[in-house]
Amino acid sequence: QCFELSGGAQADGGDQTVEIFSPLPDGGPLLKVLQTKQSLSSRKTVRIGVDLASALEAIHTNDASGGALAHGAIGADHVWVTPKGHAVLLRDPSSPARSPRGDLSSSWIDRIESPATYAAPELADPSVLPTPASDIYSLGCLLYSVFVGRPAFEGEDDREIFAAHNEDLPRD
């Protein structure tokens, strides 16, 4: 949960915005849940989907300049699940969204899974930045994986996974 406080003078005469983040609730990463249960029930998948869609709505409409922010790193390693099954979307507070093919070395949250697993096809180009639309695509890929028990698209490396996103349909 993020609280935003505005006010105070900055050197350039603009307002200062400070975001305060609350600690994580009890629970653990969705990736760890999926390592013990290959797939989740439709009910649990929908619960996670609603929670994550609500979080994305808040991110996508929270830019004070009138633009839309993107998350850019939707994946099982960026979702925290509480003991009651609610999902919390984790985001690196240190910077704006980055291309999954870009330099992620300064990220506060380590990527455990391949960034290509859930990324929209256009993000295969390192110069393309994530958008709210690419976040929604990633959410769909994540929920497919949670419900079916395997990624929607697979490959030997990131290049093959991005190609599969662009050229293939998910397996039944």
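Residues numbered from 1 in each chain as written. Predicted model: local features only at pLDDT ≥ 70, side-chain atom pairs only at ≥ 80, totals over all residues. Heavy atoms only, no water.

Visitor: Can you walk me through the side chain of Asp51 in this structure?
Guide: You can see Asp51 is positioned in helix α2 (residues 42-60). Buried within the structure, Asp51 lacks any salt-bridge partner; its nearest side chain of opposite charge belongs to Arg47, at an N-O separation of 5.0 Å. When near neighbours in sequence (up to four residues on either side) are disregarded, Asp51 contacts Gly85, His86 and Ala87. (Helix = DSSP H or I, 4+ residues; strand = E, 2+ residues; numbered from the N terminus. Buried < 20%, exposed > 50% of the residue type's maximum accessible area, 1.4 Å probe, protein only. Lys, Arg positive; Asp, Glu negative; His and termini not counted. Salt bridge = Lys/Arg side-chain N within 4 Å of Asp/Glu carboxyl O. Contact = heavy atoms within 4.5 Å.)

Visitor: Got a minute to help me understand the layout of surface pockets in this structure?
Guide: Unoccupied space between atoms shows up once a probe the size of one water molecule is rolled over them. Here the second largest pocket defines a volume of roughly 270 Å³. As for the second largest pocket, its lining consists of Val33, Lys37, Leu40, Arg43, Lys44, Arg47, Ile48, Val81, Thr82, Pro83, Lys84 and Gly85. No other element matches the 4 residues that α2 contributes to the lining of the second largest pocket. (1 Å grid on protein atoms, 1.4 Å probe; cavity = no way out; pocket = protein on both sides within 12 Å on 5 of 7 lines; lining within 4 Å. Points joined across faces, edges and corners; volume = space filled by probe spheres on them.)

Visitor: Looking at this structure, how should I read the environment of Asp125?
Guide: Positionally, Asp125 belongs in the loop between β5 (87-89) and α3 (132-148). Residue class for Asp125 comes out partly exposed when judged on its relative accessible area of 36%. For the pair formed by Asp125 and Phe162, sequence separation is 37 residues and the distance between their alpha carbons is 9.6 Å. Of note is the side chain of Asp125, whose polar atom sits 2.8 Å from the side chain of Ser127. (Polar contact = N/O pair within 3.5 Å; in protein donor to acceptor, adjacent residues only side chain to side chain.)

Visitor: Honestly, the sheet that holds strand β4 (residues 79-81) in this entry has me stumped. Any pointers?
Guide: In a beta sheet, neighbouring strands are held together by backbone hydrogen bonds and run either parallel or antiparallel to one another. The 3 strands are arranged β3-β4-β5 in an open sheet whose pairing can be described as antiparallel. Of all strands in the sheet, those bounded by a partner on one side alone are β3 (28-29) and β5. With 3 bridges connecting them, β4 and β5 associate as antiparallel partners. The residue bridging Val81 from the neighbouring strand is Ala87, located in β5. Sheet contacts for α2: β4 and β5; angle to β5, the most-contacted strand, approximately 30°. (Pairing = 2+ DSSP bridges. Axes fitted to C-alpha atoms, helices over the stretch in contact; angles between N-to-C directions.)

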